[in-house]
Each structure stands twice: as C-alpha cells, then as structure tokens.
Amino acid sequence: MYNVLDLIRGSVRRGEGRPSVPRREKRGEKRVEYILELKDISKTFPGVKALDHVQLQVRPGEVHALMGENGAGKSTLMKILMGIYKKDPGGEILFNGRPYEVSNPKEAIDTGVAMIHQELNPIYDMTVYENIFVGRELRRHGLVDKKAEIEASRKLIEECGLHVSPMNTLRELTVAQCQLIEIIKAISVDAKVIIMDEPTAAITDREVEILFGHIRRLKEQGVAIIYISHRMSEIFSICDRVTVYRDGQYIGCGETKDLDEAQLIKMMVGREITDVFPKSQAEIGEVVFEANHIVRADHKVKDVSIAVRRGEILGIGGLVGAGRSELVEGIFGLHRLAGGEIVVRGETVRVRSPKDIIKKGVALVTEDRKVTGLNLRGTINDNIAVVAISKLLEHGLYSKKKARAASAEYIEKLKIKTPSSDQIVGDLSGGNQQKVVIAKWLLSEPDVIIMDEPTRGIDVGAKRDIYLLIGSLVQQGKAVIMISSEIPELMGVCDRIAVMSEGVLSGEVQREDFSQERIMALASAIEV
Amino acid sequence: MKEQKSGFNVRSFISKYFIFVIFLFLVLVLTILKPSFIGPKNLVNILKQVSINGILSFGMMFVIVAGGFDMSVGSTIGLTGVLAALLGKGQVPLIVPLCVAMLAGLAVGIINGVGISLGDIPPFIMTLGTMTAVRGVALLITNGNPVTGISPEYKAVAAGSLFGIPTLAIVLFVVAIVCAFVLEKTVYGRRVYACGGNILSARAAGINTNAIKISTFGIAGMLAGLCGFLMSSRVTIGQPNAAEGYEMDAIAACVVGGVSMSGGVGKPIGVIVGALLITVIANGLDILGVSSHWQKVVKGLIIVGAVLIDVKGKGKKD
Amino acid sequence: MNKLKKLLALLAVAALLVSLMAGCSGTKTAEPTAEPEATAEPAAEGEGEAEEGAGEAEEPGEAEPYKIALIQQHQDNAFQITVSEAAQAKADELGVDLTILSADQDANKQISLIEQYVAEGYDAILYEPVNPDALGDASKAAADAGVVVINIISAVTDWENYGISAISLGNNVTAGEVEMQHVCDLLEGKGNYAILTGPSADSGGLDRLQGYRNVLENYPDMVEVVEPKDCAWDTAQAQAAVETWLSAYELDAIICENDGMAVGAGNAAGADSGIIITGVDGTPDGFEAINDGRITGTVSQDGGAMAANGLEAAVKLLNGETLEETTIITDNIWIDADNVADYE
C-alpha cells in the first residue's frame, strides 16, 4: 500500500521530495537517544506553580504516554512545547540534541512538533479539505491548489475509514468525525514529534483502531508520539513508555510492559483506587420513562423504542454516527420528530420544545458541555440557576443568596473542586465543568436523567465521582440513561445496554450477558 | 453523509443562492410597476449608483469574514474624498490624489487593525472611535467647508464611460474580480476565512492571525480611500461630511449577500448581489416616485425580509 | 503586550492631566466674573435694588469688554462657517469678547453649554437652537440669572415666554417663497417639477417646503411629478435620486432645499441641461455650480448678517438701551449667474 502521507509531504516541501526526514535519520550516522528532552522545566502562573521542575524524555519512534489527573500540568507542558506559553527561566528543552526555542505554534510546526488539541474546535464553516490544510495550504503558482488538496484529503479520509466527502463542511459532520479530521490534520504534517491530547475522547473503538494503525505506521517511520489519554486500555495497547505527573510534579517514568493499571492509577492519584467502576445496588422499580417508535424528521433515527425503570441505569452503546445523540436530542425536543410517542410516568407527553419535557422531570446532560451545556463565562451560580430558576426565587425575584446556597450544596455533594461558587466555569477543569452541568440539572429534581457521554475527556478520579453519583441517583429511585462510546464503562456501570446502529436499535443486552464482543457485534450489526 | 453528485444541480444552486432569486423577483416587480426601470438609461444609473457601495462592501467583507467589524469606512470616505479633492485641482497628475486617498484609507485601516488585534479593543468600539475621530479630521482640514474647484479631468473620472458602461462600474467590476480572486484562490484568502471561522484554531495551525486581521482592516480602509477618490469625482466637490451612514449600507449588503456576522462565511458573488439589492431598492423606489418616508419603511422591510426568506429557503434543504 | 499596556497607561495619564489643566483654567476665568453674578442675583429678587445692582454690574462692564458666547448648532458646513466668521468680525468691530462654541447637533450639549457659560458669568448668550422645543427652560434659567439671551437663525417655540430678549433670523418660509417664485417666473408658470428636501423632520426644511407650497398655490399649471425626496442635505444622495428620476420623468425644474443637494442634482443633469435647478444657502460649492451652469440659482440665507444683527442687539441691551424690534429679520437674496461674482 502506498503512503499518502509521504505523497503530501513531497508536495508540501516542493523540490525536496522523498525520502522523508525521519527515515533519513535512521540511516544517518548521528543518532540521538532522545528526539525530545525536557529538563527541569517550571511554569508559574500568578499564584499557581503549574509545573515544578518536571522532566520528559521522548525517544524517536516511540509512543510515550503522559499521564496525570487534570491539573497535573500535562496541558501546560504541551503548550510550552507548542510555543503558546513561555517556560520560566532555567531548565532546557532539547530537540534532536539541539536547544529548542519556539514562541508560537507556527515555529513549533516548522521545527517538527505538531499537536492534536484536545478541546480545540475545528473551523466549522470550512470544508474538510480546507481544515486539513489550514495554515499549510498546498500551492501551485503561488495560489491554493484546490484540486491537489481535495485529492490528498480524499485519500487520507479513505485511509481513516471515514465516510465523508472532502467537500463537506465540518458543520455537517458529527463530533467524532471532526475529531478524526483533527487527527488527520496532525498526522499529515511532516513532524518528528506529534503530541496527541486526548485524541480518542470523542471517537469509538472502531476509529480508535484506525488511529492506532496510523500511530504504528508513524512509529515505523521514526516519528515519536506523546500520547495523553485517560483511557487505561489505550495506554497499555499502544504506548511503549509512560511518564506520570501529579500536581505539577514529575512522579516517574517506566516501560508500560512493566506496569499494571493499579500501579499507574496509584502513581497518578497518589492513592489506590481498587474498583474503577463502582457499582452500587439499587432497587429496580416500575417503568418511569418510555420513548416508543421514535422517528426523527431528518431520518437520522428510525423507529427506536427504549424504556427505563426507576433505579435502573440504561446504557446506549454504538458507533459514532449510529444515532445515539440524535435519539436523545429528538426525545428532548431539540429536533423535530416525524413520529413516536414519549411517555413519562405513564402519561403521554407532547414535546414541542425542551421546556415541555423538562417540566415532566426529565433532564438531558448534553454531549458537548462547552457548546450546549454551560455558559463558560458565567459563574457556577449563574450556571446552576439556568434550569431550575424557579427554585431560587424569593418574593418572585432571583435571589443570589439562594443560588449561592444551592451551589454550595452541590459543590459539596458532587465534590466540585473550586475555590468558591463565584468561580467562572470556564476556568474549571473538564471534570469539574461536567459536574456543574449535572448539578444544574439535579437542582430541578428530575426523575429521569439522560447523560450523553458524561465522562468524555475527564480524568480517572472525576470519572469515578460521576459513576458514584449516578449510583446514588438510582438509589434514590431515579432512572438514568447513559450514552457512552467506551464499552468497558457501559459494562461497568449499566444494568442493561441498548445498542444502536445506523439509526435503529440493533439489540439489547442484560447485565448478566454483557460481553465486549457481543456489544461490538450489535454495534456493527448492519454494516457486516 | 453521502458525497454529493457532481454536476450542476439547479435546486441546490437555488437554495444556496436564494438571494439571487429574491433579487430577480424584486427586479421583475419593479419592471412591471414601472417599465422604464429596466430601460438602458436607468440600468446605467444603477451601475453608477451601486459602485461606491459595492466597492465599500468588498472591503467590509474582508473584515467581516475575518471575524471583525468596521464602522469607520463612511468617515474614511469623507476624509479621503476631501484629501483627493484638495489635490485634484489640476496641480498634480490624478494618480497623486488617488494614491494619497488610498494610502490615507490604508492608514486608518491599519490603525483600526492594530488597535483591535494588538490592543484587544472590541472592533465595534475601536472603529466607532476612528469613525468619530476621522470625521473630525476631515472637518478640521476643511474647516467644515466643501472643497471646490476640482479639475475637469478629475470630474471626468466618474462621469466617463467605456462602451456605454460607466467608469465607476468598471472600477467596481475590477475590484470584485480582484477580491474574489484573493479570497477564493490565494493562500491569504483561505487564511482570512480560517481566522474568522475559528481564531484559536487558526492560531494553532500556525497562522499569524494578528497580521491577517490588521491586513483585512487595511484592505477595507484602502478601498474606502478608493471610494473617497471616486466620490469626490462623482459629486464634483470634496465634502467632509460625505458618506455618512455608508458603513451601514455596506454591512447590509454583506449580510444580505450571505456573509455571516460571526465570521468565516461568505461568497464574493453574494456581496455583489447584496450591494445590487440595496441599490435597486433605493433606485426602484425613487423611480416609482415613492415618498421618502415610505422609502425608509420599505427599505428596512425588504432588507429584513430578504434575509429571512433566504434563511428559511436555505433551511428547507435539510 | 506589556509595553502596549504601559503605553496605554501613559496615554491615559496624559489625557487626565490635560483635562485637569483645562479644568483649572476654566475655574480661573470663572473667578473674577463671580462677582457680577453675585450682584445679579439680588437684582432679580427685589425691584428697588434692581437698578442699583444693574449699576454696579455695569461698572466692571465698562472697564472690561462684554463677554458674549455664541453657541452654534454645529460647525460642519459652509453656512455655519460664514456665521462664525461674520460674528467674529462684528465682535471685533464692537469691541466685545466673543467665544464661539458648537453644540454638535446635540440639544443636550447645547443646554449644558448654556448652563456652563451662565455659571462662568458671561453677559450674553447667542445661540441657534438645535431643537425649537428643547431649549426653553435653559434659556429661562439663563435669563433669570441676568444673562441676555438671543436666538439667531431660528427661534425657540414661544420664545417670548422663556426670557429670550430678541431673535435675529432669516425667514425660511420667505426663502422658500423667493426660490419657488424665481422658478415659476423662469418657467412662466407652467412645467413639471420635483423637490429635494433636507432630513424629513428638520424644521428649517419644513418651513422652506411651506414657502414652496405658498407660491405654488398661485400656479395651477405647475405639476409635481414625484413625491419630495429626502436626501438629508447630501450631494451624493441627491445625485443618485435625480439620475434615477431623469431616466423616467420629464422634469423642467428641480427645487432643492439646500445648495449641496442642488449641486448633486446639477451633476446628474449635467451643465446647461435646460432644467432649472435651484438651491438655498449660497455656499461656495453652489456658487461654483452656478458659474459652470450646472445649477440655475440659489437663495442666500445671510447667516452672517443674522449673527451680526443678533450680536448688535445683545450689546445694545447690555448698554441699557431698548430695541425697536425684538424680531430682527434678515432679507434673502436671489443669486444667479448674473450676480454670483459679488458674493463669491
């Protein structure tokens, strides 16, 4: 199989042609042990020491995991590497044995360091091919070579197993597809080091495998990958070595094959966590919520029925694009339905807008907390007051005192790490933001809580807090519907998993029958 | 997410450029109401009248596509028009007032761009400031008086025509071609869209977003300077208070033409249609002899209505 | 970034200093004049003391020139520039100390300026009201403080009731009548015409329109082909409107409410078009267009004379004299190719 990446590199660096730099280096005499070496790096923000004399050594051709809970300093370090932040004086960074000093992303990319950003949105109004080549457009006679870009993009997309046209705008794509485009973008840059910050946060196992295929091929070419992820299974399946930070400090580094999950978690959180998926026992009662024969007007969901009982956690699994988010958004009145019936506590509800169903005690924690979940510029109080403002009134007026009290209550209950309830939500870590979204819905005291990817992009400790919270909710007799792309998570937390594929329900699995293979088979049922 | 079939698809074309349909409908209605509307003489009028707003709209388009906003272009026309008129009394070749006007416009634009990108001042506030200050400078230079006595050659620039097509329209045509080329074919143009689409993403992709922003304001200013030069030629005097409120018409033309106020979206052809629509409304109502008070009402309704129909017409596609 | 912040901070400090200095000098000039103000107050209280007070106030007035403020509507066009120049010339002739200010088309600012100059102890205030209905109370307060208040160019509604001593103005209705009369005479009472107006709610413009209508009543054969078009005094707008009209209508005359619009109409019609195009004001751009045949003529609103007459009235009143007429009308003049050289 020919390699499109090399083709593109050839055309990007006009006149230089193949072979690509990493390969030449393999043959060359001068070989450094570390392609990237960071020694004694510190970074101080006003009032906070984000990095405290940390180190990191990356060998050419290795996948190096960088782990740590949110706030451990991983992102800060990567931003220093990309020239977005400037490190404190002292310490040094060596790239290929030479001092590495960059002051903006362009210089970093030119030097040979590229990055897939964790929470950076793509340019939605641009097409796929335009996004892939933004900032390093292919040229012909000094003008953009649209044809070559489209052609190269088409090949890259095919290799990734994506079914999109290079001419689609990203607005027409799902979150996962966008994420894959970001990945394509980074790996098609001619880089010696690629930083991947949570590259799999929004994609499902099938695409993860495709990504891993790319990573292996990059490895062979001598490209080093710095891999940041909270997913343990990925660390063990793709990474060669792992470096762990905690609270801005270097904890240790080791070969993955010498470590196990428990040891790694202990290094990260500083204490032992025995059960990753705590499962609390709750009494399962009567059916409290049913959605029957749901058909969306845009036919992204075709005749799907689900039901959930009090005290039950229903998981919804499936591949990206299977229609899971589309189903719950349809139920919630965010999209027009062409047919179907929604029944809450035995009563049929006509849902014209989310307001109608919220009134009946149903909550939806949406997939993308930054877009539909939160007012990032508002305080915790502001965000908590959004849904159930009626509970925060005094003499008919909004009472800040009550809002503060409510916030304080949920900060305590959900273990939200924040100096105060007046904190701006955008400044909280991902896990804590997710807890704020959940808190705002809990204030309305719903009976049914639908959560779309509630643990996406948050760390082990925060994930566990959310599992515990879900457990305590069902113990109070509430029902939970949870969408997740991580099959182990669904299997660990849910009582029952409904699997979707291509907009229809392809099957349901009870807890006693759970197996990864079974769920994967159902998820790809129609495609095979 | 199937790939769209290649080849021309009338329905998708119409839904994409619905504003075209609205525009043609408006032309049809006006022609029925007043046949002389479509007469050759009035077509020449429309070409003359669309030119200055059209050129200004293209400058505005660069700024808006890059995620900015410029209130100061109207005032810039006032200032540059006065400068061009002062230099256009026949004492130096015409190229001098043209260059001075465009350079002065460029300077205003760069001040805007630097304040916004390096000074982190919101575009609305920054350009509101320059809008006021630049108008003040124009009044200071002339002491409030119109500048008279410009040379016959200078007057002939806007009054002239080539094969029956007014010079003004030819200038607009050239500007439109150049702008469309820059935005759609060059790397720079692509980056303008990237900046407006998502500035953080663009920065992370290694694009110098500050330079892009400053340059778009520079282009808007420079084109406003060109408008100033043409305006003085057209009205035969340099008026310090010329072109008040023109920035609003330029913004309206962009928005009607499908340029998103949040940046990153917009096609040059849309801006042409937008500018034509704005001009044809005014021209059509004048030729019908509608009272000014009604004209304001009708113009407002047509602008909002056109965008509404456009949005709804596009929405049906999904 | 840091450098920029420092620079901004420096600028801010500089701005603050400048404004402080301005504030200081302001109080300085106010100090010596505080006395006459103090004496003016009791004057308003009791009849018996009034003469005495007035006598006292006159004495420093004799030693020092009168301080008079002229607050213009704005200073942005040729007409207003003529006003300030003529007022200054008259002030030099009469030996008074004249301060000329602009309200920038803002009634609120005009009120503030009046209050400020009353407080600074000015002897008289002349102004052209931005809005005929907004300045009454401010004028009354000024008059009550013993300041002579005079309106020029246009007048406050019910001006007599607000302590305003005199008004010096041209008559916009008359100006309109003069303009339209010339048009009708040139067309011998028969023809198609169109009108270009200033901003739709402008009182001066409405008066001129009234003047046109007054004359047209006598000429049944004059036909108004299209509704009057509001071109907001703007040359470019007028030019576009007239271009459009000429492609659909036969027009014999275009009557404009100011010269700027007449120039635009003239540009659209071209030189020696045979269409009669007239304006009001008598500004340089209008004269230029008369000279090269693009427009036929204009009615001069002699703003300079209005200001000068107003100033003269103020000084008379300050000297204790009485005015023969409190409404001082300045005549309008018809200017065309024959006599334009006299006014340029």
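Residues numbered from 1 in each chain as written. Chains lettered and ligands numbered in written order. Predicted model: local features only at pLDDT ≥ 70, side-chain atom pairs only at ≥ 80, totals over all residues. Heavy atoms only, no water.

Even after reading the chapter, I still don't get the overall build of chain C, so can you show me in this structure?
The helix and strand inventory of chain C stands at 12 helices and 13 strands. Looking at the 344 residues of chain C, the share that counts as buried comes to 48%. The long-range fraction of contacts in chain C, counting pairs at least 24 apart against all pairs at least 6 apart in sequence, stands at 68%. Roughly 15600 Å² of accessible area belongs to chain C as shown, and the carbon and sulfur atoms make up 50% of that amount. (Helix = DSSP H or I, 4+ residues; strand = E, 2+ residues; numbered from the N terminus. Buried < 20%, exposed > 50% of the residue type's maximum accessible area, 1.4 Å probe, protein only. Contact = heavy atoms within 4.5 Å. Areas by Shrake-Rupley, 256 points an atom, 1.4 Å probe, with all protein chains shown as cover.)

Explain the overall build of chain A to me, please; I cannot follow it from the model alone.
Scanning chain A from terminus to terminus reveals 19 helices and 24 strands. Since a compact globule built from 528 residues should have a radius of gyration of about 24 Å, the 24 Å found for chain A is in line with a globular shape. Counting only residues that meet the buried cut, chain A has 57% of its 528 residues in that class. By sequence separation, contacts in chain A at least 24 residues apart represent 67% of the contacts at least 6 residues apart. For chain A, the accessible area works out to roughly 22300 Å², and carbon and sulfur atoms hold 48% of it. (Rg over C-alpha atoms; globule rule 2.2 N^0.38 Å.)

Help me understand helix 4 (residues 78-94) of chain C in this model?
Side chains three or four residues apart in an α-helix point the same way, a direct result of the helix having 3.6 residues per turn. Residue and element names in this part refer to chain C. Over its 17 residues, helix 4 extends 24 Å from the first C-alpha to the last, a length consistent with the 24 Å expected when each residue adds 1.5 Å. The complete set of buried residues in helix 4 reads Ala-78, Phe-79, Gln-80, Ile-81, Val-83, Ser-84, Ala-87, Lys-90 and Ala-91. Just beyond helix 4, the residue with positive phi is Gly-95, at close to 70°. (Expected span 1.5 Å × (residues − 1).)

Could you clarify how one ought to interpret the interface of chain A and chain B in this entry?
When the parts come together, some accessible area is lost, and that loss is often what is quoted as the size of the interface. Facing 29 residues of chain A, the contacting portion of chain B comprises 22 residues. A per-residue breakdown of the area chain A buries against chain B is headed by Ile123(A), Leu143(A) and Val144(A), which together make up 21% of the total. The tally of links between chain A and chain B comes to 3 salt bridges. Ionic pairing is found between Glu149(A) and Arg190(B), a salt bridge with its closest N-O pair at 2.9 Å. (Buried area = accessible area lost by both parts, 1.4 Å probe. Salt bridge = Lys/Arg side-chain N within 4 Å of Asp/Glu carboxyl O.)

Help me out: how do you make sense of the side chain of Lys435(A) in this one?
All names here are of chain A. On the secondary structure map, Lys-435 appears in helix 16 (residues 430-442). Looking at Lys-435, the relative accessible area reads 3%, which means it is buried. In this view, Lys-435 contacts Leu-414, Lys-415, Ile-416, Ala-462 and Asp-465; residues no more than four positions away in its chain are not counted.

Which parts of the structure should I look at to understand the environment of Ile203(A)?
All names here are of chain A. Tracing the backbone shows Ile-203 in the loop between strand 9 (193-197) and helix 8 (205-220). The buried category is assigned to Ile-203, whose relative accessible area is 0%. Linking Ile-203 and Gly-318, residues 115 residues apart in sequence, is a C-alpha distance of 11 Å. Ignoring sequence-local partners within four residues, the contact set of Ile-203 consists of Ala-176, Gln-179, Leu-180, Ile-183, Val-208, Arg-231, Val-320 and Ser-485.

Would you take a moment to explain the nonpolar core for this structure?
Buried together is how nonpolar side chains tend to be arranged in soluble globular proteins. Judged by nonpolar contacts, the single largest core of 110 residues is most densely connected at Phe58(B), Met61(B), Ile77(B), Leu196(C) and Ile254(C). Apart from the residues within four sequence positions on either side, Leu196(C) is in contact with Lys229(C), Cys231(C), Ala238(C), Val242(C), Trp245(C), Ile254(C), Ile255(C), Cys256(C), Glu257(C), Met261(C) and Ala265(C). By size, the runner-up hydrophobic cluster in this structure holds 81 residues, among which are Met67(A), Ile80(A), Leu211(A) and Leu218(A). (Core = buried A, V, L, I, M, F, W, Y, C linked by side-chain atoms within 4.5 Å.)

What am I meant to see in the sheet that holds strand 5 (residues 166-170) of chain C here?
Paired through their backbone hydrogen bonds, the strands of a sheet run either parallel or antiparallel. Residue and element names in this part refer to chain C. Strand order in the open sheet formed by 6 strands is 2-1-3-4-5-12, and the pairing between neighbours is parallel. Looking at the sheet topology across the chains shown, the edges are occupied by strand 2 (97-102) and strand 12 (327-330). Taken over all neighbouring pairs, the strand axes of this sheet differ in orientation by 15° on average, direction set aside. Two elements, strand 3 (residues 124-127) and strand 4 (residues 148-152), share 4 bridges in a ladder whose sense is parallel. Note on strand 4: the bridge partner recorded for Tyr-127 is Asn-151. (Pairing = 2+ DSSP bridges. Axes fitted to C-alpha atoms, helices over the stretch in contact; angles between N-to-C directions.)

I would appreciate a short explanation of the sheet that holds strand 12 (residues 249-255) of chain A in the present structure.
All names here are of chain A. Strand order across the open sheet formed by 6 strands is 6-9-10-3-11-12, with mixed pairing between neighbours. Of all the strands in the sheet, just strand 6 (113-116) and strand 12 have a single pairing partner and so form its edges. The sheet shows a mean angle of 20° between the axes of neighbouring strands, taken without regard to direction. Summarising the sheet, strand 3 (residues 63-67) and strand 10 (residues 224-228) pair through 4 bridges and their orientation is parallel.

Help me understand the interface of chain C and chain B in this model?
Across the contact, 33 residues belong to chain C and 39 residues belong to chain B. Note on chain C versus chain B: buried area summed over both sides is about 2800 Å², and carbon and sulfur give 46% of it. Counting the contacts that link chain C with chain B gives 5 salt bridges. Between Arg234(B) and Glu243(C) there is a salt bridge whose closest N-O contact spans 2.7 Å. Taken together, the links from chain C to chain B amount to 23 residue pairs in polar contact (both at pLDDT 80 or more). Of all elements in the fold, only helix 4, strand 8 (229-230), helix 9 (235-246), helix 10 (259-269) and helix 11 (284-291) of chain C reach the threshold of two or more residues within the side of chain C that touches chain B. (Polar contact = N/O pair within 3.5 Å; in protein donor to acceptor, adjacent residues only side chain to side chain.)

Can you help me understand the packing of aromatic side chains in this one?
Geometrically, a pair of aromatic rings is defined through the distance of the ring centres and the angle of the planes. Under the definition given, this model contains 8 aromatic pairs over all chains. With centroids separated by 5.4 Å and ring planes inclined at 50°, the aromatic side chains of Phe277(A) and Tyr467(A) adopt a geometry described as tilted. Taken together, the residues span a long stretch of sequence, with Phe277(A) in the loop between helix 10 (261-269) and strand 13 (287-296) and Tyr467(A) in helix 17 (residues 460-475) at a distance of 190 residues. Note on Phe277(A): relative accessible area 29%, which makes it partly exposed. Taking the centre distance of 6.1 Å and the plane angle of 40° together, the rings of Phe69(B) and Phe124(B) count as tilted. In this pair, Phe69(B) sits in the loop between helix 3 (40-65) and helix 4 (73-87) while Phe124(B) sits in helix 6 (residues 123-142), placing the two residues 55 residues apart along the sequence. Phe69(B) gets classed as buried once you look at its relative accessible area, which sits at 15%. The partly exposed category is assigned to Phe124(B), whose relative accessible area is 41%. (Phe/Tyr/Trp six-rings, centres within 6.5 Å; stacked < 30°, edge-to-face > 60°.)

Hey, could you run me through the packing of helix 3 of chain B against helix 9 (residues 187-197) of chain B in this one?
The packing of two helices is summarised by the inter-axis angle and the distance between the axes. Residue and element names in this part refer to chain B. Between helix 3 and helix 9, the shortest axis-to-axis distance is 7 Å and the interhelical angle comes to 55°. In terms of their interaxial angle, helix 3 and helix 9 are classed as oblique. Listed contacts from helix 9 to Met-61, Phe-62 and Val-65 of helix 3 are Tyr-188, Val-192, Tyr-193 and Gly-196. Its residues assigned to classes, the contact of helix 3 with helix 9 comprises 6 nonpolar, 1 polar and no charged. (Parallel < 35°, antiparallel > 145°, perpendicular 65-115°, else oblique. Nonpolar A, V, L, I, M, F, W, Y, C, P; charged D, E, K, R; others polar.)

Looking at this structure, I do not really get the pairing of strand 3 of chain A. What am I missing?
Two faces make up the sheet, and in a regular strand the side chains alternate between them. Most of strand 3 of chain A is tucked away, with 5 of its 5 residues classed as buried. Along strand 3 of chain A, one buried face is formed by Val63(A), Ala65(A) and Met67(A) and the opposite face, lined by His64(A) and Leu66(A), is buried too.

Which parts of the structure should I look at to understand the domain arrangement of chain C?
All names here are of chain C. Here chain C is partitioned into domain 1 (64-164 + 303-330) and domain 2 (172-301). Taken together, the 4 residues of domain 1 in the interface contact 4 residues of domain 2. Carbon and sulfur atoms make up 67% of the area that domain 1 and domain 2 hide from each other, which totals about 370 Å². On the domain 1 side of the contact with domain 2, Ala-78, Phe-79 and Met-306 bury the most area, a combined 68% of that side's loss. At the junction of domain 1 with domain 2, the criterion picks out 0 salt bridges. Scanning the region where domain 1 abuts domain 2 turns up 0 residue pairs in polar contact (both at pLDDT 80 or more). For the side of domain 1 that touches domain 2, the secondary-structure elements that each account for two or more residues are helix 4 and helix 12 (303-318). (Domains from an automatic or database assignment.)

How should the pattern of salt bridges be read in this particular structure?
Side chains bearing opposite charge may pair, as long as their charged atoms lie close to each other. Residues and elements named next belong to chain A. Throughout the structure, instances matching the rule amount to 38 salt bridges over all chains. Salt-bridge contacts for Lys-219 lead to Asp-240; the nearest nitrogen and oxygen are separated by 3.1 Å. In this pair, Lys-219 is assigned in helix 8 and Asp-240 in the loop between helix 9 (232-238) and strand 11 (241-246), connecting sequence segments 21 residues apart. A residue is classified by how much of its surface remains accessible, and Asp-240, at 25% relative accessible area, is partly exposed. One continuous salt-bridge network, built from bridges that share partners, spans Glu-286, Arg-310, Arg-345 and Asp-447.

Can you help me understand the domain arrangement of chain A in this one?
Residues and elements named next belong to chain A. In terms of domain boundaries, chain A breaks down into domain 1 (4-269), domain 2 (283-361 + 447-528) and domain 3 (374-445). For domain 2 versus domain 3, the distance between C-alpha centres works out to 25 Å. Tallying the contact residues gives 13 residues for domain 2 and 11 residues for domain 3. At the junction of domain 2 with domain 3, the criterion picks out 2 salt bridges. Inspection of the region where domain 2 meets domain 3 yields 1 residue pair in polar contact (both at pLDDT 80 or more). At the level of elements, strand 21 (448-452) and helix 17 are the ones that each hand at least two residues to the side of domain 2 that touches domain 3. By residue number, the principal contributor to the side of domain 2 that touches domain 3 is helix 17, which donates 5 residues. Residues belonging to the side of domain 2 that touches domain 3 are distributed by class as follows: 10 nonpolar, no polar and 3 charged.

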